[in-house]
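Summary of the model geometry
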Amino acid sequence: MGRRDTLKFSESGVRGIVGEGLTAHLAAELGAAFGFYQGGGRIVVGRDTRPTGEMFEQAVTAGLLAAGCEVVRAGVVPTPTLQFSVKANRAAGGIAITASHNPSEWNALKFIGGAGTFLSPGEAAGLFDLYNQGNLPYRAESDFRGIRPLDGAFAAHEARIREVIDADAVRRRKFRVAVDCVNGVGALYSPGFLERLGCEVVVVNGDPDGCFARPPEPLPENLGELCRVVREAHCDVGFGQDPDGDRLTVVTDAGVALTTHHTVALAVDQVLDGGDPGPVVANVQTSRLVEEIAHGYGCEFHAAPVGEINVVEKMIE
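The numbering scheme is per chain: residues are counted from 1 as the chain's sequence reads. Local features in this predicted model are restricted to residues of pLDDT 70 or higher, and side-chain atom pairs are both shown and tallied only at a pLDDT of 80 or more, whereas totals for entire chains, interfaces and linings draw on every residue. Hydrogens and water are ignored here; the side-chain numbers use all heavy atoms of the structure.

A few words now on the sheet that holds strand β8 (residues 176-180). The pairing of strands in a sheet happens through backbone hydrogen bonds and is either parallel or antiparallel. Should DSSP find at least two bridges between two strands, the strands are regarded as paired. Secondary structure follows DSSP: runs of H or I at least 4 residues long count as helices, runs of E at least 2 residues long count as strands, and numbering of each begins at the N terminus. One open sheet accounts for four strands, arranged β9-β8-β10-β11; its pairing is mixed. Each of the sheet's edge strands pairs with one partner strand only, and the pair in question is β9 (200-204) and β11 (248-251). In this sheet, neighbouring strand axes are inclined to one another by 20° on average, regardless of whether the strands run parallel or antiparallel. By the bridge criterion, five bridges tie β8 to β9 in an arrangement that is parallel. The residue of β9 that forms the bridge with Ala178 is Val202. Lines are fitted to the C-alpha atoms to define the axes, a helix being fitted only along its stretch in contact, and any angle between axes, read from their N-to-C directions, falls within 0 to 180 degrees.

Dropping the structure here:
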């Protein structure tokens, strides 16, 4: 039986089914290409809890070292924490080893620039062009820069989060919260984060072994167990996460999972109600509800193409 063509190159990175499209050899070559593309320097590497993550971490590290980079390993961390760490540590870039909301047989490399944001479509095209050219000028032993661990990456990120939220108000409320971590990185960080905010936490799928107990994308139809727990444990709210902690679905106290459109709308309303003047940017697939909320606060609304980096670039603009 022939292999399926499962390797996908896009502005989001390179993903594939492990052993069919994505291999350790390929990861090492892509790591080297990224190292050269970013001009050497310091590169932060992190991953989610997938069992293949450590293998790809070793492979990417080898490629980066061959390109003359200093490799800083953050270990198993949420992807947003890795993005924060790149900028906080003045790194040239970062690589997140995660297939995000894809099934467990997939893994991926996501490339992060020095500003802590994913590569733009033009930058991704430049990286892949360099990779496809091959024959990279690997560094000699005298240029070897080594590996060091990055301890406390999430703690530093949490400290930054506390600068922009009213932690005391959350503690006074003493929320009871259910969180479905899908056995991903959230299992390592979400319960403690919530407890330090004074919440009573009920954990669902909290074993960080990367063996996903449900479809990993936190769509409402995949969160039946979380909805049940919210109702039965009389929780104030529930949160459904994906394996690398960059997608979130909110479950109401009635045990109803909200759509992504409603979750974004709640977040926008919260920020604008807190006095932020806007303007607001969302991608073109977002509900008109967000635009209506922005205009209700007298704020401008701007639409951007789909893709996180496109929204970020429109925000900066």
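The way it works is a 1 Å grid over only the protein atoms, where trapped points that fit a 1.4 Å probe form a cavity and open points with protein on both sides within 12 Å along at least five of seven lines form a pocket, and then any residue with an atom within 4 Å of a point lines it. Grid points are joined across faces, edges and corners, and a volume is the space filled by probe spheres set on the points. Within the structure shown, the criterion is met by one cavity of 30 Å³ or more. Here the largest cavity is characterised by a volume of approximately 40 Å³. Taken together, Gly46, Arg47, Asp48, Val77, Pro78, Thr79, Leu82, Ala96, Ile97, Thr98 and Asp244 make up the lining of the largest cavity. Those elements that place two or more of their residues in the lining of the largest cavity are β3 (41-47), α3 (79-88) and β5 (93-97). By the convention adopted, Pro, Cys, Tyr, Trp, Phe, Met, Ile, Leu, Val and Ala count as nonpolar, Lys, Arg, Asp and Glu as charged, and the other residues, Gly among them, as polar. Grouping the amino acids of the lining of the largest cavity by side-chain chemistry returns five nonpolar, three polar and three charged.

Turning our attention to the packing of α3 against helix α5 (residues 153-162). Two measures define how a pair of helices packs: the angle their axes make with one another and the distance between the axes. Closest axis-to-axis distance for the α3/α5 pair is 9 Å, and the angle between their directions is 85°. The pairing of α3 with α5 is recorded here as roughly perpendicular in orientation. Across the interface between the two elements, Pro80, Thr81, Phe84 and Ser85 of α3 pack against Ala153, Phe154, Ala156, His157 and Arg160 of α5. Looking at the contact of α3 with α5, its residues break down into five nonpolar, three polar and one charged. Here the word oblique covers every angle except those under 35 degrees (roughly parallel), over 145 (roughly antiparallel) and from 65 to 115 (roughly perpendicular). Two residues qualify as a contact provided that any one of their heavy atoms is within 4.5 Å of a heavy atom in the partner residue.

A word on the sheet that holds strand β1 (residues 8-10). Spatial ordering of the open sheet is given by β1-β2-β6-β5-β3-β4-β7, a layout of seven strands whose pairing is mixed. On the outer flanks of this sheet lie β1 and β7 (147-149), each paired with one strand and no other. Put simply, the sheet's adjacent strands are angled 20° from each other on average, direction ignored. Taken together, the three bridges between strand β4 (residues 69-76) and β7 define a ladder with parallel strand orientation. Within β7, the residue paired with Val71 across the bridge is Ile147. Of the strands in this sheet, β3, β4, β5, β6 (106-113) and β7 touch helix α2 (residues 53-66), which is tilted by about 165° from β4.

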